[in-house]
Amino acid sequence: MTVNLEVAEGVGTIRLDRPPMNALDVATQDRLKELAEEASRRDDVRAVVIYGGEKVFAAGADIKEMQRMDHAAMVVRSRALQESFTAVARIPKPVVAAITGYALGGGCELALCADFRIAADNAKLGQPEILLGLIPGAGGTQRLARLIGPSKAKDLIFTGRMVKADEALALGLVDRLAPAAEVFGEAHAWAAKLAQGPAIALRAAKEAIDTGLETDLETGLAVERTWFAGLFATEDRERGMRSFVEEGPGKAKFQ
């Protein structure tokens, strides 16, 4: 399999495994969608790490495969391509990308689908599609602009240039840097900590933020209000408030 799902400590690791560069061919895209949906459904998965291995996250699409596609073929395939990445973005649990080596093109777009990105201090990221006479097609024009702002996104997409880890951090493209050997450990620890939190409240927070970014303020506030009130019907809310009153903040243990 080109993508695998392993679960430990409540954390599901979706691991890309297509040496040498984890090129995202059609089979890998479809498998990614399948496992993202599985991770979304499984109760034993409370948080997710996206990882490409010690040497590379994902260097982009399989260009040789794409070269064989004409316009009619890509009209059909482009929707499935986007849907595979959107399945990752819609995992209703915290998702962290552990980025080593290159995260280019589709690899960068996959990282953009995570809630948090930890990158190796020698990682390189970018959207080089323009150098092929193309634009990003797996969400890059939309998610990158929402993450770092339109001007910075246009700089990366118009030029196709790669950015080193320190610039990616400064741009807000990644959230934290770590030595390459420690990237996965840090990502898994971050996810494992959140896996112990209140699952429904975490889902609510993610949906409220993501929905709010895609709509107007008034609609976003309505989504927040609905989730906020709804959480008062959960056992986690009762447990959390009781623990706060009886023991002080930050000591609740959620099921």
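These numbers were taken from a predicted model, which means no experiment stands behind them. (Residues numbered from 1 in each chain as written. Predicted model: local features only at pLDDT ≥ 70, side-chain atom pairs only at ≥ 80, totals over all residues. Heavy atoms only, no water.)

Caption draft 1: How the structure looks around the nonpolar core. Ranked by size, the top nonpolar core spans 59 residues in total, and within it Phe 57, Ile 99, Leu 125 and Leu 173 carry the most contacts. Apart from residues lying up to four places away in sequence, Leu 173 is in contact with Cys 108, Leu 112, Arg 117, Leu 125, Leu 144, Leu 147, Ile 148, Leu 156, Val 163 and Ala 168. (Core = buried A, V, L, I, M, F, W, Y, C linked by side-chain atoms within 4.5 Å. Buried < 20%, exposed > 50% of the residue type's maximum accessible area, 1.4 Å probe, protein only. Contact = heavy atoms within 4.5 Å.)

Caption draft 2: Expanded view of the sheet that holds strand S7 (residues 124-126). If you walk across this open sheet you meet the three strands as S5-S7-S8, and the pairing is mixed. If you trace the sheet from one side to the other, it starts and ends with strand S5 (102-104) and strand S8 (162-164), each paired once. For this sheet, the mean angle separating the axes of adjacent strands, direction not counted, is 20 degrees. When S5 meets S7, the two strands line up parallel, connected through three bridges. Each residue of the ladder has a partner; that of Ala 103, found in S7, is Leu 125. (Pairing = 2+ DSSP bridges. Helix = DSSP H or I, 4+ residues; strand = E, 2+ residues; numbered from the N terminus. Axes fitted to C-alpha atoms, helices over the stretch in contact; angles between N-to-C directions.)

Caption draft 3: Expanded view of the pairing of strand S1 (residues 3-8). When S1 meets strand S2 (residues 11-16), the two strands line up antiparallel, connected through six bridges. Note that in S2 the partner of Val 7 across the bridge is Gly 12.

Caption draft 4: Structural context of the environment of Ser 84. Relative to the helices and strands, Ser 84 resides in helix H3 (residues 71-89). Note on Ser 84: relative accessible area 0%, which makes it buried. As for Ser 84 and Arg 31, which are separated by 53 residues in sequence, their C-alpha atoms are 8.3 Å apart. Leave out the neighbours within four places in its chain, and Ser 84 touches Gln 29, Leu 32 and Lys 33.

Caption draft 5: Molecular detail of the sheet that holds strand S6 (residues 116-120). Across the sheet, which stays open at both edges, the six strands sit in the order S1-S2-S3-S4-S6-S9 with mixed pairing between neighbours. The open sheet has two edge strands, S1 and strand S9 (176-178), and neither has a second partner. In this sheet, neighbouring strand axes are inclined to one another by 20 degrees on average, regardless of whether the strands run parallel or antiparallel. As paired strands, S6 and S9 are joined by three bridges and run parallel to one another. If you follow Ile 118 over to S9, its bridge partner there is Arg 176.

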